[in-house]
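Summary of structural features
Residue-level listing of the chains:
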Amino acid sequence: MNLSTVERLACPRCGSALSPNSDALVCGSCGTAFPIVDGIPRFVPARNYAESFGFQWNRFAQTQLDDYWGIDASRSRFAAETRWPADLRGQVILEAGCGAGRFTGHAAASGATIVSFDYSSAVEAASRTHATLENVTFLQADIYHLPLRPQSFDKIFCFGVLQHCPDPEGAFRALLPLLKPGGEIVIDVYRLSWKSLFQGKYYLRPVTRRIRPQRLFPIVQRYVRAMYPLLGLPHRIVGSRAARAMGQVVGICDYRGYFALSSEKHFELCLLDTFDMLSPAHDHPKTLATIQRWFSDARLQAVEVKPGYNGVEARGRRPQE
């Protein structure tokens, strides 16, 4: 843990300052102690609604990293969605929901101080991958009760997270007080549209999301191994774009023809993202109009809401006070 970040931390129960000792952060007011395990302060119970993501990202800790893929998909997405300058030295950025840390390194490369949290044990995979980054601090924390002082961050980004929260709008609103006046927030959320009716995951999830991830994974693995070769035929006959759409109908993420990867890595990515579709406890896509309302109700400025890679992309700025 980067001890310089402690000044930005606050007790999620009473809001008071926290002081570090050898194995915990202790609230100076209510006396609650939050353990530090493997260098990561823990503010949530080990078992929680994001258990599937902890299982997933500790098993696939490298799969979405650009260095592992040999392409710059995560870097390009981070740059395109945030539109932030390459040099952000002197600024403080909050990454809300780091997963395995696919975007963490790209944020850290800006020279900014990064505080990155996840509700699940995926934060352990991210911490291991980025252990050498001195400008990054990882926390395991609840987005609804964050252990952070108000107005501590110049920028916040939250990619691929809000739709997996029980109350996505409440999660979004919980981030806003952490922005400094003039600070920017960028999010993306799965999009709800007529196409959602043809996504097989929403017909399978009422069953699959109730199965513990340790039991569900081998089931998904067998399903992907059976379906993946069959989807290869449409790739040759009707083209990759149509074949990928057919995969979505049967609940399979098939990226052949989209990313330039080896056949082994294509299968690995298919297995990861199919499990990612079927296992989460929550999956709440939102319309463009809904996200526009969130930003309008929050009275953010310079708002832009548009279709994007992950569904809906949105950005806005907190007014100067």
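All values derive from a computational prediction rather than experimental measurement.

1. Regarding the overall build of the chain
When helices and strands are counted, the chain shows 11 helices and 11 strands. The C-alpha atoms of the chain give 20 Å as radius of gyration, which agrees with the globular expectation for 321 residues (20 Å, within 12%). With the C-alpha coordinates aligned to their principal axes, the bounding extent of the chain is approximately 65 × 40 × 35 Å. When burial is assessed residue by residue, the chain has 54% of its 321 residues classed as buried. In the chain, the proportion of contacts linking residues at least 24 apart, taken out of those at least 6 apart, comes to 66%. By element, 53% of the accessible surface of the chain is carried by carbon and sulfur atoms, the whole surface being about 14300 Å². Where the 37 positive side-chain charges of the chain centre and where its 29 negative ones centre are 6 Å apart.

2. Some remarks on the sheet that holds strand β7 (residues 136–140)
As summarised here, the arrangement of the 7 strands in space is β7-β6-β5-β8-β9-β11-β10, forming an open sheet in which the pairing is mixed. With one partner strand each, in any of the chains shown, β7 and β10 (301–308) form the two edges of the open sheet. Neighbouring strand axes in the sheet, compared pairwise and without regard to direction, differ in orientation by 15 degrees on average. As judged from the 5 bridges shared by strand β6 (residues 113–118) and β7, these two strands associate in the parallel manner. Residue pairing in the sheet places Ser116 in a bridge with Phe138 of β7. On the sheet, helix α6 (residues 168–175) packs against β5 (92–96), β8 (153–159) and β9 (179–189) and is oriented at approximately 155 degrees with respect to β9.

3. Some remarks on the packing of helix α1 (residues 51–59) against helix α5 (residues 122–129)
Any two packed helices are characterised by how steeply their axes cross, that is the angle between the axes, and by the distance between the axes. Taken N-terminus to C-terminus, the directions of α1 and α5 make an angle of 30 degrees; their axes are 7 Å apart at the nearest point. As judged from the angle between their axes, α1 and α5 are roughly parallel. The segment α1 lies against α5, with Phe53, Gly54, Trp57 and Asn58 engaging Ala122, Glu124, Ala125 and Arg128. For the contact of α1 with α5, the per-class residue count stands at 4 nonpolar, 2 polar and 2 charged.

4. Observations regarding the pattern of salt bridges
Per the stated rule, a full pass over the model turns up 16 salt bridges. Note that Asp283 is salt-bridged to Lys201, the shortest N-O span being 3.0 Å. In this pair, Asp283 is assigned in the loop between α10 (263–278) and α11 (288–297) and Lys201 in helix α7 (residues 201–208), connecting sequence segments 82 residues apart. Of the two residues examined, Asp283 and Lys201, each falls in the buried class. Where Lys306 meets Glu313, a salt bridge forms, and the shortest distance between an N and an O atom there is 3.2 Å. Here Lys306 falls in the partly exposed class, since its relative accessible area comes to 25%. Exposure remark for Glu313: the relative accessible area of 7% places this residue in the buried category. Taken together, the salt bridges that share partners define one network made up of Arg47, Glu51 and Arg212.

5. As for the nonpolar core
Counting 41 residues, the largest nonpolar core has Phe172, Ile185 and Ile187 as its most contacted members. At 4 residues, the largest contribution of residues to this core is made by β9. Once you skip the residues sitting within four places of it in the chain, Ile185 turns out to touch Ile156, Phe172, Leu175, Leu176, Leu179, Phe295, Leu300, Ala314, Arg315 and Gly316.

6. Looking at the packing of aromatic side chains
Under the counting rule described, the total for this entry stands at 18 aromatic pairs. Between the aromatic rings of Phe217 and Phe275, the centroid separation amounts to 5.6 Å while the plane-to-plane angle is 75 degrees, which identifies the pairing as edge-to-face. Remark: Phe275 occurs in helix α10 and Phe217 occurs in helix α8 (residues 213–237); sequence separation between them is 58 residues. Phe275 carries the same exposure label as Phe217, and that label is buried.

7. A short note on α10
Compared with an ideal rise of 1.5 Å per residue, which puts 16 residues at 22 Å, α10 spans 23 Å between its outermost C-alpha atoms and is within 8% of the ideal. With 12 of 16 residues buried, α10 is to be regarded as a mostly interior element. Where the residues of α10 are buried, they touch α1, α2 (66–69), α7, α8 and α9 (240–249).

8. Thoughts on a nonpolar patch on the surface
There is a patch of nonpolar side chains on the surface, built from Trp194, Leu197, Phe198, Tyr203 and Val249 and spanning about 620 Å² of accessible area. Mapped onto the elements of the fold, Val249 is located in helix α9.

9. A look at unusual backbone geometry
Notably, Asp38 is not glycine yet its phi reads approximately 55 degrees, a positive angle. Note that Asp38 resides in the loop between β3 (33–37) and β4 (40–41). When its relative accessible area of 65% is taken as the criterion, Asp38 is described as exposed. Not every positive phi belongs to a glycine, and Gln151 is a case in point at roughly 55 degrees. Structurally, Gln151 is set in the loop between β7 and β8.

10. A look at α5
Residues Ala122, Val123, Ala125, Ala126 and Ser127 constitute the buried set of α5. Taken together, the buried residues of α5 touch β4, α1, β6 and β7.

11. Structural notes on the side chain of His235
Inspection of the secondary structure puts His235 in helix α8. Ignoring anything within four residues of it in the chain, the contact list for His235 reads Ser240, Ala243, Arg244, Asp254 and Arg256.

Thresholds, definitions, all that
Residues numbered from 1 in each chain as written. Predicted model: local features only at pLDDT ≥ 70, side-chain atom pairs only at ≥ 80, totals over all residues. Heavy atoms only, no water. Helix = DSSP H or I, 4+ residues; strand = E, 2+ residues; numbered from the N terminus. Rg over C-alpha atoms; globule rule 2.2 N^0.38 Å. Buried < 20%, exposed > 50% of the residue type's maximum accessible area, 1.4 Å probe, protein only. Contact = heavy atoms within 4.5 Å. Areas by Shrake-Rupley, 256 points an atom, 1.4 Å probe, with all protein chains shown as cover. Lys, Arg positive; Asp, Glu negative; His and termini not counted. Charge placed at Lys NZ, Arg CZ, Asp CG, Glu CD. Pairing = 2+ DSSP bridges. Axes fitted to C-alpha atoms, helices over the stretch in contact; angles between N-to-C directions. Parallel < 35°, antiparallel > 145°, perpendicular 65-115°, else oblique. Nonpolar A, V, L, I, M, F, W, Y, C, P; charged D, E, K, R; others polar. Salt bridge = Lys/Arg side-chain N within 4 Å of Asp/Glu carboxyl O. Core = buried A, V, L, I, M, F, W, Y, C linked by side-chain atoms within 4.5 Å. Phe/Tyr/Trp six-rings, centres within 6.5 Å; stacked < 30°, edge-to-face > 60°. Expected span 1.5 Å × (residues − 1). Patch = residues over 30% accessible without salt bridge, like charges linked within 9 Å, V, L, I, M, F, W, Y side chains within 5 Å.

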